[in-house]
Structures are given as structure tokens and as C-alpha cells.
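# Close look at the chain arrangement
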Amino acid sequence: MLVAVVLIVIAVGTVVFHVVSPWWWTPIASNWHSIDDATLVTFWITGIAYVAVILFMAYCAVRFRYRKGRRAAYEPENKRLEWGLTGLTSLGVIGLLTPGLIAWNEFVTVPDDAAEFEVVGRQWQWSFRLPGKDGVLGASDPRLVGGDNTFGLDPNDPRGQDDVLIEGDDLHLPLGRPLKVLMRSVDVIHDFYVPHFRAKMDIIPGMVTHFWFTPTRTGTFDILCAELCGLGHHTMRGMVVVEEETEYRDWLQGQSTFAELMARAAPGDAVKLATNDGREDAAANGGARSASNRPHPLNR
Ligand SMILES: [Cu+2]
């Protein structure tokens, strides 16, 4: 009897703690309510299954407890029970998978009017590239990554000349516009994650991954790396600032383009972009090492 009471207290306590928990999601700042809904459905299904299994255990502990002289009946096959459990489990699995698959399909199906920007992951900092006046990102190639071309942009591609490069500083984005995120890594697997946007995606060296979202409120939000990517993984933090279109335009005006940075760089010298102090340390501790020691492709 004591076992049954303990089991019921655990089940009820867990549910009560979930309801009054001090930990909950950050207030959402993007269009991805469907991702929150999918998570809520998961909570409901796993929660109901959890309570049902524990209550069944408590019931069994009382109903089938030891009594002198009583023997268990041996029943190796019970078709009705097996079909029932198979059907119930299948319904549960379908309920768990379907909302996620629907949300995932929306997450990677980019609307035609989405504007593009790029996130580059590197041990251990985030860099960003925004299209310039032509609205198009220029070509890039991992083989072009070098000391003064940390993004590996093709210097011969005219579309890349006006690309705006942000390294070691905050990413600014305009409010209310659908945005397609293109992600590249120059070293290992990273994962671009903004909890307020409910959005995250692995970044795999050698390929470009993507998703899309629309920022729905202004503010400054954390960017994290959700993939253990080396010793300095915990320092791989960044900020995204969502602001009104006019403020965003003003900020964009003040940033350097690829052409300006290349013109400013003496041949062979590393370009120093705006870098926050803490993040500069992280990069100096090995983050930029692999990239900066390679000869620049133009000087070979
Ligand atoms: Cu990382």
C-alpha cells in the first residue's frame, strides 16, 4: 500500500510542478507559434502516458499484492490486449510525430518574398553577412577563407562586392519581414539557435543549411550555439537586435562592405573588423587561428 501511495504522490507532484514551475519558455519573438504548439502536444501526450503508467503501477501494487495461498495465472498470449496496446501506442506515436513534421515542413519551406542573410559559424564566434544594395549575396568558397577574407567570398564575383560583413558584433534585423537564414561553417559542426525565435539549425562544414522566420517584436535576443563544438563552445554567444525598418537601414548604412574591407587591407594583413572585447579573446585563443595562418588566395 505504501508503494502505491508513493507512486501516486510522485505522479501528482510531477504534474503540479510542471503547472506551477518557475521555468517556462521565453516570450516568443517570431512567427513560430506552430513549434510551441507541437511542443505542447508532446507535453500533453507524454504527460498523459506518464500519469497513466504510474497509476496503473499503483493499481497493480494494490490489486495483485501478495496474499498467502494465491497464485498468479499464466497467460502467455492475449490477442485483445496486444492489439489494444499496439493501437494505443501507434496513436501516441502518430500524435507525437505529426505536429512536429507539419511545423518542420513550414520551417524549411521559405516564402518567395523572404530576404536572405547569412550566418557563419567559426570556433568560437558568430559572423554575419547581409546583402548590399543589389539584394543578393555573392559567391563564397571554403578554399578562399584566409586572413583578410574570413568569409571566403569570391573577390571576382561582382554580386559580393557590396555584401555587408559583420564579425564579432551584433546582428541587426528588420521587424516584420520574412527572412531566410543561410548557414555556413568554416570549421566544425555548429548550431545556430535563437531561443526567442524558437529556431535552431545545425551548420555543417561543406554545405549550406537554411530555415526562415519573421521577427514579430523588437528587442535584443541571445544567439547560442546548440552544438558542442570544442573547448570554447560556451563562449560562442551573440546578440540579434530586431528593430524598425528605418533604424535597421540607418545601422546598415554604417557597416563596411566586402569591397571596402578588401580595399582597406594591405596585402597579406589580417583585416580587423569591429570586435567586442570578450569575443576577441575567444577568437585569439584559437578561434581564428586556422583561418588566419593560411596564405591569402590573391597572394599565392
Ligand atoms: Cu559552435
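These lines cover the structure that appears in this document, whether it is placed above or below. Worth saying up front: this structure is predicted, and the values here are computed from it rather than measured.

## Looking at the overall build of the protein chain
Scanning the protein chain for helices and strands turns up 7 helices and 10 strands. Of the accessible surface of the protein chain, which amounts to about 17,500 Å², a share of 62% is contributed by carbon and sulfur atoms.

## What about the pattern of salt bridges?
Inspection of every chain in the model, using the stated rule, returns 11 salt bridges. One salt bridge connects D157 with R159, and the closest N-O pair in it is separated by 2.9 Å. Its relative accessible area of 8% is what places D157 among the buried residues. A salt bridge links E245 to R249; the shortest N-O distance between them is 3.2 Å. Highlighted residues: E245 and R249, both in helix α4 (residues 245-253), separated by 4 residues, approximately one helical turn. Its relative accessible area of 29% is what places E245 among the partly exposed residues. Among the residues examined, R249 registers a relative accessible area of 42% and is labelled partly exposed. Sharing partners across several salt bridges, the network here consists of E118, R129, D163 and R184.

## Notes on the sheet that holds strand β9 (residues 219-225)
Sheet strands pair via backbone hydrogen bonds, and the direction of the pair is either parallel or antiparallel. Read across the open sheet, the 5 strands follow the order β4-β10-β9-β6-β7; overall the sheet is mixed. Two strands lie at the open edges of the sheet, namely β4 (171-174) and β7 (199-203), each paired on one side alone. Averaged over all pairs of adjacent strands, the angle between strand axes in this sheet comes to 25 degrees, irrespective of strand direction. The strands touched by α4 within the sheet are β4 and β10 (238-243), with β4 carrying the most contacts at an inclination of about 140 degrees.

## Observations concerning the coordination of the copper ion
Angles between donor atoms at a metal ideally measure 109.5 degrees for a four-coordinate tetrahedral arrangement and either 90 or 180 degrees for a six-coordinate octahedral one. Looking at the copper ion, one finds its protein donor set to be H190 (ND1), C225 (SG), C229 (SG) and M236 (SD), positioned 2.2 to 2.5 Å from the metal centre. One way to put it: the 4 donor atoms around the copper ion meet at angles of 90 to 126 degrees, and that makes the site tetrahedral. Expressed as a motif, the donor residue spacing for the copper ion is H-x34-C-x3-C-x6-M. A residue pair is termed long-range when its members are at least 10 positions apart, and C225 in strand β9 and M236 in the loop between β9 and β10 qualify at 11 residues. For the pair shown, C225 and M236 are each scored as buried.

## Details of the pairing of β4
Burial along β4 is two-sided: the face carrying L171 and L173 and the face carrying H172 and P174 are both buried. Alignment of β4 against β10, held across 4 bridges, turns out to be parallel. Its bridge partner lying in β10, P174 is registered against E243.

## Points about the packing of helix α2 (residues 33-63) against helix α3 (residues 79-108)
At a closest axis distance of 9 Å, the pairing of α2 and α3 adopts a crossing angle of 170 degrees. The orientation of α2 relative to α3 falls into the category roughly antiparallel. Of the residues in α3, those touching α2 at S34, I35, A38, V41, T42, I45 and T46 are G92, G95, L96, P99, G100, A103, E106 and F107. Per-class residue counts for the contact of α2 with α3 are 8 nonpolar, 6 polar and 1 charged.

## Details of a positive patch on the surface
On the surface, R63, R65, R67 and R70 cluster together into a positively charged patch. Relative to the helices and strands, R70 resides in the loop between α2 and α3.

## As for the sheet that holds strand β3 (residues 164-167)
Spatially, the 5 strands line up as an open sheet ordered β3-β2-β1-β5-β8, and their pairing is mixed. Every other strand in the sheet has two partners, leaving β3 and β8 (209-213) as the edge strands with one partner each. Between one strand and the next, the sheet's axes are offset by a mean angle of 20 degrees, whatever the strand orientation. One ladder, built from 7 bridges, connects strand β1 (residues 115-122) with strand β5 (residues 179-185); its direction is parallel. By the bridge assignment, V120 is partnered in β5 with R184.

## Describing the packing of aromatic side chains
Aromatic rings considered in pairs are described by the distance between their centres and by the relative angle of their planes. Taken as a whole and judged by the stated rule, the model has 15 aromatic pairs. Between W25 and F43 the ring centres are 6.4 Å apart and the planes differ by 20 degrees, which places this aromatic pair in the stacked class. Of the two residues, W25 is situated in the loop between α1 (2-20) and α2 and F43 in helix α2; the sequence distance between them amounts to 18 residues. Taking 6.4 Å as the distance between ring centres and 25 degrees as the angle between the ring planes, the aromatic pair formed by F192 and F211 counts as stacked. Of this pair, F192 sits in strand β6 (residues 190-194) while F211 sits in strand β8, placing them 19 residues apart in sequence. Pair check on accessibility: F192 and F211 agree, each one buried. Among the aromatic residues, those joined into a cluster by ring pairs are W32, W104, F107, W126, F192, F197, F211, W212, F213 and F221.

## Focus on α4
Listed in full, the buried residues belonging to α4 are Y248, W251 and L252. Buried residues of α4 fall within an arc of 100 degrees about the axis and therefore sit on the same side. Facing away from the buried surface of α4 by more than 90 degrees, the exposed residues are T246, D250 and Q253. Those residues of α4 hidden inside the fold are in contact with β2 (125-130), β3, β4 and β10.

Definitions and limits used
Residues numbered from 1 in each chain as written. Predicted model: local features only at pLDDT ≥ 70, side-chain atom pairs only at ≥ 80, totals over all residues. Heavy atoms only, no water. Helix = DSSP H or I, 4+ residues; strand = E, 2+ residues; numbered from the N terminus. Areas by Shrake-Rupley, 256 points an atom, 1.4 Å probe, with all protein chains shown as cover. Salt bridge = Lys/Arg side-chain N within 4 Å of Asp/Glu carboxyl O. Buried < 20%, exposed > 50% of the residue type's maximum accessible area, 1.4 Å probe, protein only. Pairing = 2+ DSSP bridges. Axes fitted to C-alpha atoms, helices over the stretch in contact; angles between N-to-C directions. Contact = heavy atoms within 4.5 Å. Donors = N, O, S within 2.8 Å, 3.2 Å for Na, K, Ca; no water. Tetrahedral: all angles 85-135°; square planar, octahedral: opposite > 155°, others 65-115°. Parallel < 35°, antiparallel > 145°, perpendicular 65-115°, else oblique. Nonpolar A, V, L, I, M, F, W, Y, C, P; charged D, E, K, R; others polar. Patch = residues over 30% accessible without salt bridge, like charges linked within 9 Å, V, L, I, M, F, W, Y side chains within 5 Å. Lys, Arg positive; Asp, Glu negative; His and termini not counted. Charge placed at Lys NZ, Arg CZ, Asp CG, Glu CD. Phe/Tyr/Trp six-rings, centres within 6.5 Å; stacked < 30°, edge-to-face > 60°. Arc of directions from axis to C-beta.

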